[in-house]
Amino acid sequence: MNSKLINTVRWKFIYAFLLSGILTAVMLYGVAKLCETILATQRYPNYTIPGQMVRWLVNHIGSVPLMIAVGIICFVLFFFLSTRKVMVVLDEITAGIQEVAKGELSHRIEVRTSDEFGVVAASINQMAEQLQRSLQEERSAVAAKNDLITGISHDLRTPLTSILGFLEYVEKDRYQDELEMRYYVSIAYEKSLTLRKLIDDLFEYTRVSGGGLPLCLTPLNLSPFLMQLAEEFTPMLEEAGMTYQIVGAEEPIWIEAAPGELVRAYENLFSNAIRYGAQGKIMEIGLKLENGEAVVRISNYGDPILAQDLPHLFERFYRVDKSRSRDTGGTGLGLAIAKSMIELHQGKIAAYSEHGRTDFVTRFPMIAPPEHDEIKE
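Just so it is clear, the model here is predicted, and its values are computed rather than measured. (Residues numbered from 1 in each chain as written. Predicted model: local features only at pLDDT ≥ 70, side-chain atom pairs only at ≥ 80, totals over all residues. Heavy atoms only, no water.)

Regarding the packing of aromatic side chains
Then, in step 1: Evaluation of the coordinates by the stated rule reveals twelve aromatic pairs.
Then, in step 2: Of the aromatic side chains, those joined through ring pairs into one cluster are F13, F17, F75 and F79. (Phe/Tyr/Trp six-rings, centres within 6.5 Å; stacked < 30°, edge-to-face > 60°.)

As structure tokens, this is what we get:
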């Protein structure tokens, strides 16, 4: 017979029933023989106390009812003792359920057996673990929402305060001449652009990270795609006194992507490399195939990023010390948007910084070249 079938609660109770019956039969047989021995070795009126008791019970109750009563008592006692371990496990499961019901989600039931009770205990532990994880995720989501609101409030208030302040100067004629008025309006306009960029980035991040962005994936050759995008950044590079260099773009590297959405991710990575790598004078773009993946590396040679900051670079509104100034134009959402967009394409992104060089490395599953080698840009 299947050992898994035998090792069940049903069979354990059957074993307990049979064992209790056998032990009861043995007990009854022993009691009967003992009583026969007592009555056979004693003669009236010289009965001892045990003999008198046996004789009285037989005469007033009867041997058959007496044996039945003793048998029932012995069977119940033996059945209780043989099922004690099973009931202990059941009591532990009951107590565990009560603890979980009270909110003690860290409580775990010890899995003692492999029968149905063991499966129930393991299922309850799994349920408690999932509930605990869900509760933790809910708390993290609430904390993240509060952080998001705090970050938005802080970042919106700064340019808005400047806009209102300079417009107040104009409204109350607190300027000396038209030139000064135009200066105030110009500053308010620049701050308005900063405010609009923050709102656009926030909208983009919410749209991407919320999973509400449908992607129309097509085969995309990364080599010409990144070459064209780098050319579009030439004016910004020249303004920062930088140039770019592409390495490994000779061979076609195909992935599945939505070009219009993916370009947003690399625009943020290019802008970040220019913003913080101007002193290095060059932005490197490296492409290669590695273990069936398309790997893109964007490098700059600006100030290194501290090791404790690297794990947090892709968090929204996170800025390392050197980028806290609003002069850099950073909103703290660019890298978060890039990460979400790349992950929507089933890709991965990581950051490395050492020896005066910072690398942002993205990886995508590579696909075979399409039948018609049409370059998607």
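Let's talk about the confidence of the model for the protein
Then, in step 1: Taken residue by residue, the protein gives an average pLDDT of 79. The fraction at 70 or more is 81%.
Then, in step 2: Across residues 322-329 the pLDDT falls below 50, and counting only partners more than four positions away or on other chains, this stretch makes 14 contacts in the model.
Then, in step 3: This stretch, residues 373-377, has a pLDDT under 50; its non-local contacts, to residues over four places away or in other chains, come to 14 contacts. (pLDDT = per-residue confidence, 0-100. Contact = heavy atoms within 4.5 Å.)

Looking at the sheet that holds strand β2 (residues 243-247)
Then, in step 1: If you trace the five strands from one edge of the open sheet to the other, you get β2-β4-β5-β7-β6, paired in mixed fashion. If you trace the sheet from one side to the other, it starts and ends with β2 and β6 (348-354), each paired once. When the angles between neighbouring strand axes are averaged without regard to direction, this sheet yields 15 degrees.
Then, in step 2: The sheet contacts of helix α8 (residues 222-232) involve β2, β4 (282-290) and β5 (293-300), and relative to β2 the element is tilted by about 175 degrees.
Then, in step 3: Across the sheet, helix α10 (residues 259-276) is in contact with β4, β5, β6 and β7 (357-365); its angle to β5 comes to roughly 30 degrees. (Pairing = 2+ DSSP bridges. Helix = DSSP H or I, 4+ residues; strand = E, 2+ residues; numbered from the N terminus. Axes fitted to C-alpha atoms, helices over the stretch in contact; angles between N-to-C directions.)

Things to note about the pattern of salt bridges
Then, in step 1: Inspection of the entire model under this criterion finds eleven salt bridges.
Then, in step 2: Measuring nitrogen to oxygen at the nearest pair gives 4.0 Å for the salt bridge that ties E99 to K102.
Then, in step 3: A relative accessible area of 27% means that E99 is categorised as partly exposed.
Then, in step 4: Among the residues examined, K102 registers a relative accessible area of 64% and is labelled exposed.
Then, in step 5: The shortest N-O distance in the salt bridge between R357 and D359 comes to 2.9 Å.
Then, in step 6: Look at D359 and you get buried, because its relative accessible area is 13%.
Then, in step 7: Through salt bridges with shared partners, a single network forms among K288, E290, E293, K348 and R363. (Salt bridge = Lys/Arg side-chain N within 4 Å of Asp/Glu carboxyl O. Buried < 20%, exposed > 50% of the residue type's maximum accessible area, 1.4 Å probe, protein only.)

Observations concerning the pairing of β7
Then, in step 1: Examined bridge by bridge, β5 and β7 share eight bridges and lie antiparallel to one another. Bridge pairing in β7 links R297 to V361.
Then, in step 2: When β6 meets β7, the two strands line up antiparallel, connected through seven bridges. Looking across to β7, one finds that K348 is bridged to R363.
Then, in step 3: Connecting β6 to the antiparallel partner β7 that follows it, the hairpin turn spans two residues, and H355 within it adopts a positive phi of roughly 55 degrees.

Overview of the nonpolar core
Then, in step 1: Ranked by size, the top nonpolar core spans 38 residues in total, and within it L222, L262, Y266, L269, F270 and M283 carry the most contacts.
Then, in step 2: Breaking this core down by element, the ones donating at least two residues are α8, β3 (254-257), α10, β4, β5, α11 (334-344), β6 and β7.
Then, in step 3: Tallying contributions element by element places α10 first for this core, with seven residues.
Then, in step 4: Leave out the neighbours within four places in its chain, and Y266 touches F225, L226, L229, V296, I298, T362 and F364. (Core = buried A, V, L, I, M, F, W, Y, C linked by side-chain atoms within 4.5 Å.)

A short note on α11
Then, in step 1: Within α11, eight of the eleven residues are buried, which leaves it mostly tucked inside the rest of the structure.
Then, in step 2: Within the sequence span of α11, burial applies to G334, L335, A336, I337, A338, S340, M341 and I342.
Then, in step 3: Following α11 by one or two positions, Q346 adopts a phi angle in the positive range, close to 60 degrees.

A look at helix α5 (residues 84-101)
Then, in step 1: Taking 1.5 Å as the rise per residue, α5 with 18 residues should run 26 Å; its terminal C-alpha atoms sit 26 Å apart, in good agreement.
Then, in step 2: Taken residue by residue, α5 has V86, V89, I93, G96 and V100 as its buried positions. For α5, the buried positions fall inside an angular range of 85 degrees around the axis, keeping them on one side. (Expected span 1.5 Å × (residues − 1). Arc of directions from axis to C-beta.)

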